[in-house]
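Working through the structure, step by step
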Amino acid sequence: MTDLKLRLACNDYDRCRALIDGTVKPDGISLDITVLKPRELFPRMLDHQEFDVAELSLASYATLTARDASPFVAIPVMLSKLFRHSCIYVRKGAGIERPQDLKGKRVGTTQYGATAIVYIKGMLNDEYGIAPEDLRWFIGGLSTPTEPPLVPLNLPGKIALEFLPRGQTLEAMFAKGELDALFAILLPRMFLAGSPDIARLFPNHRDVEEDYYRRTKILPIMHTVVIREHVYNAHPFVAASLYRAFCESRDRAIAPLYDTDALMVSLPFLIDHIEQNRRVFGDDVWAYGLEPNRPSLDALCRYVHEQGLAPRRITPDDLFVPVK
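Since this is a predicted model, take the numbers as computed values, not measurements.

Cut-off values and rules
- Residues numbered from 1 in each chain as written.
- Predicted model: local features only at pLDDT ≥ 70, side-chain atom pairs only at ≥ 80, totals over all residues.
- Heavy atoms only, no water.
- Helix = DSSP H or I, 4+ residues; strand = E, 2+ residues; numbered from the N terminus.
- Rg over C-alpha atoms; globule rule 2.2 N^0.38 Å.
- Buried < 20%, exposed > 50% of the residue type's maximum accessible area, 1.4 Å probe, protein only.
- Contact = heavy atoms within 4.5 Å.
- Areas by Shrake-Rupley, 256 points an atom, 1.4 Å probe, with all protein chains shown as cover.
- Lys, Arg positive; Asp, Glu negative; His and termini not counted.
- Charge placed at Lys NZ, Arg CZ, Asp CG, Glu CD.
- Pairing = 2+ DSSP bridges.
- Axes fitted to C-alpha atoms, helices over the stretch in contact; angles between N-to-C directions.
- Polar contact = N/O pair within 3.5 Å; in protein donor to acceptor, adjacent residues only side chain to side chain.
- Phe/Tyr/Trp six-rings, centres within 6.5 Å; stacked < 30°, edge-to-face > 60°.

1. Describing the overall build of the protein chain
In terms of helices and strands, the protein chain carries 11 helices and 11 strands. On C-alpha atoms alone, the protein chain measures out to a radius of gyration of 20 Å, which is about the 20 Å that the 2.2 N^0.38 rule sets for 324 residues. The dimensions of the protein chain, computed from C-alpha atoms along their principal axes, are 65 × 50 × 35 Å. Counting across all 324 residues of the protein chain, residues that qualify as buried make up 52%. Taking contacts inside the protein chain between residues at least 6 apart in sequence as the whole, the part at least 24 apart equals 79%. By element, 51% of the accessible surface of the protein chain is carried by carbon and sulfur atoms, the whole surface being about 15100 Å². Considering the protein chain, the positive charge centre built from 39 side chains and the negative charge centre built from 42 side chains are found 3 Å apart.

Here it is, written out as structure tokens:
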């Protein structure tokens, strides 16, 4: 029988590389793979469903699912996991010394509904009592022109939100004192340049993140893998086949990390970093599947509803099709 030909798009992660180079092949499927950065891939998939299978923003997918408007189904492959405490930047002189000081402040970000920002808003509300309506939101490009929302917004009236006019950028406003904080997925140029006017809200973010995880078991999941719904309906086997292939590709990337003979002598800190991660997160920080990731998924489902992005509260079980 001829293999089913599918187009897959994802970023060039180490955990996807065995799929990308063909070392790992899903049973019954012939993949035509396109490597794209998420900022290019996500609009192409959300606006035009350009690929049969693709990496996608988890918050965008969850929002569409809760709106009963998703043209996709998903498999529980978590291609990107990342704490976001380090992504909150404050302006020196804005009077922000602790998270509670954000209340009433002017906050700039690029995508109000981006997964990273959804997790940041949820964490600030859960941990420090700062709700999205307590902030004044400015949406625009960090250092380039504004991009449209990945998923159209339909927010409650209590959210004070403005889109930057053409030609305006968040960093320029921040530098002029017109913003008090940035929730930035990418590192701001001012921060990279060592500007004295910008600092992280959590300078000890690693310690804060570890404590947060120990108490909540939430390791924020940024991206999952979706399949066009009509492809899945016509060929249900693709879900389990792709899931197994993504798991094998991940395993091939992880195994060398624990081979200390293979680590570069010039990077001895890697060993300490790996050991610390195992102490905090256990043996399988890159676990795929529903149950190992349920606390993070449940938080995301709750956040998109609480923040007015989704009209109803869905559960992690609503997000994924069976893969076993």
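2. Comments concerning the sheet that holds strand S5 (residues 88–91)
Strand order in the open sheet made by the 6 strands is S8-S7-S6-S9-S5-S10, with mixed pairing throughout. Each of the sheet's edge strands pairs with one partner strand only, and the pair in question is strand S8 (160–163) and strand S10 (198–200). Averaged over neighbouring strand pairs, the angle between their axes works out to 25° when direction is ignored. Alignment of S5 against strand S9 (residues 181–183), held across 3 bridges, turns out to be antiparallel. Across the sheet, Ile88 pairs through a bridge with Phe183, a residue of S9.

3. Section: unusual backbone geometry
In this structure, Asp68 takes a positive phi of about 55° despite not being glycine. Tracing the backbone through its elements, the reader meets Asp68 in the loop between helix H3 (58–66) and strand S4 (72–81). Look at Lys217: it is not a glycine, yet its phi comes out positive at around 60°. Mapping Lys217 onto the fold places it in the loop between helix H7 (205–216) and strand S11 (221–228). Overall, the relative accessible area of 42% leaves Lys217 in the partly exposed class.

4. Points about the sheet that holds strand S1 (residues 4–10)
Spatially, 5 strands are ordered S2-S1-S3-S11-S4 in an open sheet, and the strand pairing comes out mixed. Each edge of the open sheet carries a strand with a single partner, namely strand S2 (29–35) and S4. With direction set aside, neighbouring strand axes in the sheet form an average angle of 30°. Sheet topology note: the S1/S2 ladder contains 7 bridges and is parallel. Counterpart to Lys5 in the pairing with S2 is Ser30. Each of S1, strand S3 (53–57), S4 and S11 is contacted by helix H2 (residues 38–48), which is oriented at about 110° to S3, the strand it contacts most. Contacting S3, S4 and S11, H3 crosses the sheet at an angle of about 95° to S3.

5. Concerning the side chain of Ser60
Its place among the elements puts Ser60 in helix H3. Assessed through its relative accessible area of 3%, Ser60 is described here as buried. For Ser60, the side chain forms a polar contact with the side chain of Ser57, separated by 3.1 Å. Contacts of Ser60, omitting those with residues within four sequence positions, involve Leu46, Leu150 and Val151.

6. A word on the environment of Phe246
Residue position: Phe246 is located in helix H9 (residues 237–254). For Phe246 and Val24, which are 222 residues apart along the polypeptide, the C-alpha to C-alpha distance reads 8.4 Å.

7. Side note on the packing of aromatic side chains
All chains considered together, the criterion is met by 5 aromatic pairs. Note on Tyr112 and Trp137: the rings are 5.1 Å apart at their centroids and 90° apart in plane angle, and the pair reads as edge-to-face. Note that Tyr112 is positioned in the loop between strand S6 (106–109) and helix H4 (115–128) and Trp137 in strand S7 (residues 136–139), a separation of 25 residues in sequence. By the burial criterion, Tyr112 is buried, and Trp137 matches it. Aromatic side chains Tyr119 and Tyr303 sit 6.1 Å apart centroid to centroid with 90° between the ring planes, which places their arrangement in the edge-to-face category.

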